[in-house]
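Examination of the molecular architecture
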Amino acid sequence: MANLNETVRSSGIDFPGHLHTRQSLQYAQEFKFCDTDTVIITYPKSGTTWMQEILTLIYSDGNTLPAKTIPNWLRTPWIEHYYCENVLVNKTDHRILTTHLPYHFLAKPLKQSNAKVIYVARNPKDVVVSFYYFHKMANFLPEPGTFGEFLEKFITGEVNYGSWFEHIKEWESHRNEFNFLFITYEELMKDLRKSVIRLCNFLEHPLLPEAVDTIVRHCTFANMKENKMINYTLIPNEIMNHERGKFMRKGVVGDWKEHFTQEQKQAFEKIFQEKMNDSNIVLNCAL
Ligand code: PPS
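Figured I'd write up the structure that's included with this text.

Scoring rules and cut-offs
- Residues numbered from 1 in each chain as written.
- Predicted model: local features only at pLDDT ≥ 70, side-chain atom pairs only at ≥ 80, totals over all residues.
- Heavy atoms only, no water.
- Near = heavy atom within 4 Å.
- Polar contact = N/O pair within 3.5 Å; in protein donor to acceptor, adjacent residues only side chain to side chain.
- Areas by Shrake-Rupley, 256 points an atom, 1.4 Å probe, with all protein chains shown as cover.
- 1 Å grid on protein atoms, 1.4 Å probe; cavity = no way out; pocket = protein on both sides within 12 Å on 5 of 7 lines; lining within 4 Å.
- Sits in = over half its atoms within 2 Å of the grid points.
- Helix = DSSP H or I, 4+ residues; strand = E, 2+ residues; numbered from the N terminus.
- Nonpolar A, V, L, I, M, F, W, Y, C, P; charged D, E, K, R; others polar.
- Contact = heavy atoms within 4.5 Å.
- Axes fitted to C-alpha atoms, helices over the stretch in contact; angles between N-to-C directions.
- Parallel < 35°, antiparallel > 145°, perpendicular 65-115°, else oblique.
- Left-handed = near helix turned anticlockwise from the far one by under 90°.

We now examine the site of the ligand. The environment of the ligand is formed by 22 residues, the closest being Thr48, Thr49, Ser130, Tyr185 and Lys250. Within the side chain of Thr49, a nitrogen or oxygen atom sits 2.4 Å from an oxygen atom of the ligand. Interatomic distance of 2.7 Å between a side-chain N/O atom of Ser130 and an oxygen atom of the ligand. Protein contact buries 98% of the 640 Å² of open area that the ligand shows by itself. In a pocket analysis with a 2 Å cut-off to the grid points, the ligand is assigned to the largest pocket. When contributions to the shell around the ligand are tallied by element, the ones reaching two or more residues are α2 (48-59), α10 (185-190) and α13 (221-226). Of all the elements, α2 adds the most residues to the shell around the ligand, at three residues. A breakdown of the residues in the shell around the ligand according to their chemical character gives 10 nonpolar, eight polar and four charged.

A separate point is the side chain of His81. The topology assignment puts His81 in the loop between α4 (72-75) and α5 (84-88). Engagement of the side chain of His81 in a polar contact is seen with the side chain of Tyr83, the distance being 2.6 Å. With near-sequence residues (within four places) excluded, His81 lies in contact with Leu19, His20 and Ser24.

Here the focus is the packing of helix α11 (residues 192-203) against helix α12 (residues 209-218). The contact between α11 and α12 brings their axes to 10 Å, and the two run at 120°. Comparing the axis directions of α11 and α12 gives the class oblique. Of the two possible hands of crossing, α11 and α12 adopt the one that is right-handed. Across from Leu192, Arg193, Val196 and Ile197 in α11, the residues of α12 making contact are Pro209, Val212, Asp213, Ile215 and Val216. Residues belonging to the contact of α11 with α12 are distributed by class as follows: seven nonpolar, no polar and two charged.

Keep in mind these values describe shape, not function.
Below, the structure written as structure tokens:
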């Protein structure tokens with residue numbers, strides 16, 4: 001399925017037609033979650049792939065074989081992507097599922113299970129930079145224009161997957177409805193070992209210290225960048241143009257400082273305060 005220039009609009013949000021269909025979005029909204037499922041929820045470019053890799057390794061007890069031999073979209077599929085139903089045939093135990101969908105798409109089916117939900121958030125200023133470069137390489141997303149133009153669209157939520165602000169606020173404000181862990185990209189970056197142990201505790205999946213060591217080693221940016229199963233180099237150039245950028249681009253905190261002008265920074269932080277002042281989310285926007 002190519003459909004590179006198609007968009008599927010649902011509940012006022014655009015999704016790339018390369019990966020989504022009306023049916024696949026419907027399938028997600030009626031998804032049968034199991035209590036043994038673990039669901040990674042992210043707004044794009046917030047640390048999805050990193051969490052997919054960490055959870056794969058936690059559930060394999062530090063055995064790196066699955067992470068090195070199975071592409072991430074087959075071992076941790078996005079439930080809203082058109083191929084998900086096929087990927088999940090015969091998989092029932094300890095499924096790791098991924099989604100970028102906003103709360104209102106999934107609330108109903110997810111509440112019917114006791115699945116473990118992990119929400120990964122990232123400083124939105126770094127999200128928008130990462131998303132901007134992803135738009136340049138991903139031929140299934142619109143041309144982003146200048147960074148300033150893209151930033152405007154990101155702020156108003158007129159980008160694929162909708163508003164970052166609504167996504168995080170909706171999920172976080174409903175956290176008590178789920179078996180929910182909130183973790184940030186910056187936390188993973190600050191102390192990966194501590195984060196892996198925190199995740200193991202939440203997942204009730206204790207690991208030997210040696211297994212934790214292996215995960216920490218395997219999941220550094222430098223090592224993940226070389227892993228074909230998650231760096232998207234298996235995807236042909238017509239779909240992701242690897243000459244226009246790398247999926248595993250920089251992997252740092254604070255790259256926004258290289259991209260925002262002083263005016264953009266001030267305007268963004270003002271909007272952040274306005275939009276987020278009714279939420280409990282502790283996320284240092286000025287990171
Ligand atoms: S996507 O397209 O939504 O699945 O993208 P996502 O995986 O959420 O985000 C991609 C960004 O995460 C960075 N990344 C990492 N950073 C640090 N360490 C590790 N191990 C790691 N793995 C992925 C990736 O480089 C993208 O960020 P940027 O800022 O563009 O480099």
